[in-house]
Amino acid sequence: MNEISQPTAQQGGRHGNPLWSSRLAFILAATGSAVGLGNIWKFPYITGEYGGGAFVLVYLLCIALIGVPILIAEVMLGRRGRRSPLHTMATLAREDGCSAHWLLLGGMGMLAGWLILSFYSVIGGWSLAYVGNAVSGQFAGADANQIGTLFGDMLARPATLLGWHSLFMLVVIAIVCRGLKSGMEKAINLLMPLLFLLLLVMVGYAMSTPGFEQATSFLFNPDFSKLTTEAVLTALGHAFFTLSLASGAMMAYGSFLPKEYSVTGTAVTIAIVDTVVALLAGLAIFPLVFSNGLEVAAGPGLIFQTLPLAFGQMPFGILFGSLFFALLLIAAITSAISMLEPAVEWLEERQQGNRLRAALIAGIAVWTLGIVNALSFNLLGDVHPLGFLTAFEGKTIFDLLDYLTANIMLPLGGLLMAVYAGWAMSAQALAQALSLQPGMLFNTLRFVLRFISPVLVLVVFINQLV
Ligand code: PFF
């Protein structure tokens, strides 16, 4: 590891280190990271697949008992270290007198962020393509066959998929290479309000459709007979994914958080906004699905195949279809920049602050792995790397990376982060890093970090193995 300077992990920030301009800027950036394809694409389709309300309830429990405490821990660690996740963990381990191996936790987070972005940007590319499809009226009056062909054709053509994936990565690199203030903050300040506005417009539209009631009862009436072990693991993995935990993103964003803002309050706000957005996305999508008598358990194709069919049959479908896919694209971009940032921050530290070069190297590395992911929908569709194991049977490279990151790397990273904050750091160090007085709130949080979050993650893991 290249130790350029050895800043102490005091909370004042390292020399020349930019910080978010305000608490709101950090909240917008962190919610921008959290609110993404996970909320608008993945949450509705897994909820549809695992039967609705009961799954939503487990997911909410995972967010509250596991997600929020770990989010607090991750942002706190980032702010203490004030460097890229890998260097942050190395610095903190030294200061806290712990094993130097803790740097692997930062490294694993950065690796997870990099792997996720490599397939995330392929779906980001689909969103770009679908903005075009919606605006040009391709869904209007189309039947299931035509919509299916539109999606199938896109997936089947390697050049098309690679083109959209490349364009998406280009946008992400262009934002990140400009740095914190003039790149990320500027883009986020513009995109996030737009995202909230578009979401509200979509929910308003969905409320006017006949399927709205059926959708609310689907989302909020739990049917526990549909709750399987797999559903619980999926809910847990998704809680990590949707809060961008253990992927370096929140630690990197935390490294720019000024000392005077409360980590706990901010983390709770982020988790609430993220959860509300996921539920609103469900309320925007399922009414359209029910109103048109379509299949809720359509899987990953739910918003790319089922929804366009609904838009094609509804009044003002072109307008609302375009708005919906613009919303999806914005959500994807603000998340993707947070996934690239940890690696860029790390390379920047190694290269004496050359941000443009760092962003290009990190971006091209992600783009290259993304090619393999894009091709796993066509040319590499028959490649199932771990297919000899029953758990991975039939999984393409894309499916495998999604599974390995969300269901294994993120929960494992989160578990270790809770262990670091709860066990490796002294109570005094933790209280100081969170600017909390010893008392009820602090004691509860520390107890949850020491016992509840890690044990729950372990139980779900072991259950899966059994
Ligand atoms: N939270 C994002 C979503 O729900 O789409 C995904 C994500 C962003 C995962 C950033 C990991 C990350 F570092």
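Residues numbered from 1 in each chain as written. Predicted model: local features only at pLDDT ≥ 70, side-chain atom pairs only at ≥ 80, totals over all residues. Heavy atoms only, no water.

A word on the overall build of the protein chain
So the rule is basically this: Numbered from the N terminus, helices here are DSSP runs of H or I no shorter than four residues, and strands are runs of E no shorter than two. Restricting the calculation to C-alpha atoms gives the radius of gyration, and the globule rule supplies 2.2 Å times the number of residues raised to the power 0.38. Burial classification: accessible surface area is computed with a 1.4 Å probe over protein chains only, and a residue below 20% of its type maximum counts as buried, one above 50% as exposed, and the rest as partly exposed. Only heavy atoms enter the contact rule, under which two residues are in contact if any of them lie within 4.5 Å. Working definition of accessibility: Shrake-Rupley area with a 1.4 Å probe, residue cover restricted to the visible protein chains. Residues scored as positive are Lys and Arg, those scored as negative are Asp and Glu, and His as well as the terminal groups of each chain are ignored. The atom standing in for a charge is NZ when the residue is Lys, CZ when it is Arg, CG when it is Asp and CD when it is Glu.
Counting its regular elements, the protein chain contains 18 helices and 0 strands. The C-alpha atoms of the protein chain give 21 Å as radius of gyration, which agrees with the globular expectation for 466 residues (23 Å, within 12%). For the protein chain, the spread of C-alpha atoms along the principal axes amounts to about 65 × 45 × 45 Å. Counting across all 466 residues of the protein chain, residues that qualify as buried make up 59%. Sequence separation of at least 24 residues holds for 81% of the intrachain contacts in the protein chain that already meet a minimum separation of 6. For the protein chain, the computed accessible surface area is about 17300 Å², with 67% contributed by carbon and sulfur atoms. In the protein chain, 20 side chains carry a positive charge and 22 a negative one; their mean positions are 14 Å apart.

Quick look at empty space enclosed by the protein
Counted only if it meets this: Here a cavity is any set of points on a 1 Å grid over the protein atoms alone where a 1.4 Å probe fits but cannot get out, and a pocket is any open set with protein on both sides within 12 Å along at least 5 of 7 lines; a residue lines the site when it has an atom within 4 Å of a point. Grid points are joined across faces, edges and corners, and a volume is the space filled by probe spheres set on the points. Three classes are used: nonpolar for Ala, Val, Leu, Ile, Met, Phe, Trp, Tyr, Cys and Pro, charged for Asp, Glu, Lys and Arg, and polar for all others, with Gly counted as polar.
On inspection of all chains with the given rule, the structure shows 3 cavities of 30 Å³ or more. As for the largest cavity, its lining consists of 15 residues, of which Ser33, Tyr120, Phe241, Ser244 and Met339 are closest to the centre. Of all the secondary-structure elements, those providing two or more residues to the lining of the largest cavity are helix H1 (23-34), helix H2 (37-49), helix H5 (103-135), helix H10 (229-242) and helix H14 (317-350). With 3 residues, H14 is the largest single contributor of residues to the lining of the largest cavity. Class assignment for the residues of the lining of the largest cavity results in 6 nonpolar, 9 polar and no charged. Taken together, Glu74, Pro85, Leu105, Gly106, Met108, Gly109, Ala246, Ser247, Gly248, Met251, Gly413 and Met417 make up the full set of residues lining the second largest cavity. Among the elements of the structure, H5 and helix H16 (397-424) are those that each provide at least two residues to the lining of the second largest cavity. Ranked by residues supplied to the lining of the second largest cavity, first place goes to H5 with 4 residues.

Structural notes on unusual backbone geometry
Only a minority of non-glycine residues have a phi that is not negative, and only a minority of peptide bonds are not trans. The backbone of Phe316 shows a phi angle near 60 degrees, a positive value even though the residue is not glycine. Turning to its location among the elements, Phe316 is positioned in the loop between helix H13 (302-313) and H14. Phi is positive for Ser435, which is not a glycine, with a value near 50 degrees.

Some thoughts on helix H3 (residues 53-81)
Residue pairs spaced three or four apart in an α-helix point in one direction, given the helix's 3.6 residues per turn. Quick note on the threshold: Any helix carries an expected span of 1.5 Å times its number of residues minus one.
Between its first and last C-alpha, H3 extends 40 Å over 29 residues, near the 42 Å set by a 1.5 Å rise per residue. Judged by how many residues are buried, H3 sits mostly within the fold: 24 of 29 residues are covered. A positive backbone phi angle near 60 degrees is found at Arg82, which sits one or two residues after H3.

Structural notes on the site of the ligand
Selection rule: Neighbouring residues are identified by heavy atoms, a residue being near a molecule or strand if any of them is within 4 Å of it. Counting of polar contacts relies on pairs of N or O atoms within 3.5 Å, with two restrictions inside protein: one atom must be capable of donating a hydrogen and the other of accepting it, and residues adjacent in sequence are counted only when both atoms are side-chain atoms. In this description, a molecule resides in a pocket or cavity if more than half of its atoms sit within 2 Å of the grid points defining it.
Ala34, Gly38, Tyr120, Phe241 and Ser244 are the nearest of the 15 residues found near the ligand. Between Gly38 and the ligand, the recorded distance is 2.7 Å, taken from a backbone N or O atom to an oxygen atom. Between the ligand and Asn39, the relevant distance is 3.3 Å, taken from an oxygen atom to a side-chain nitrogen or oxygen of the residue. For the ligand, whose accessible area on its own is 340 Å², the fraction buried by protein is 100%. When each cavity is represented as a set of grid points, the ligand is found to reside in the largest cavity. Tallied by class, residues from the shell around the ligand come to 6 nonpolar, 9 polar and no charged.

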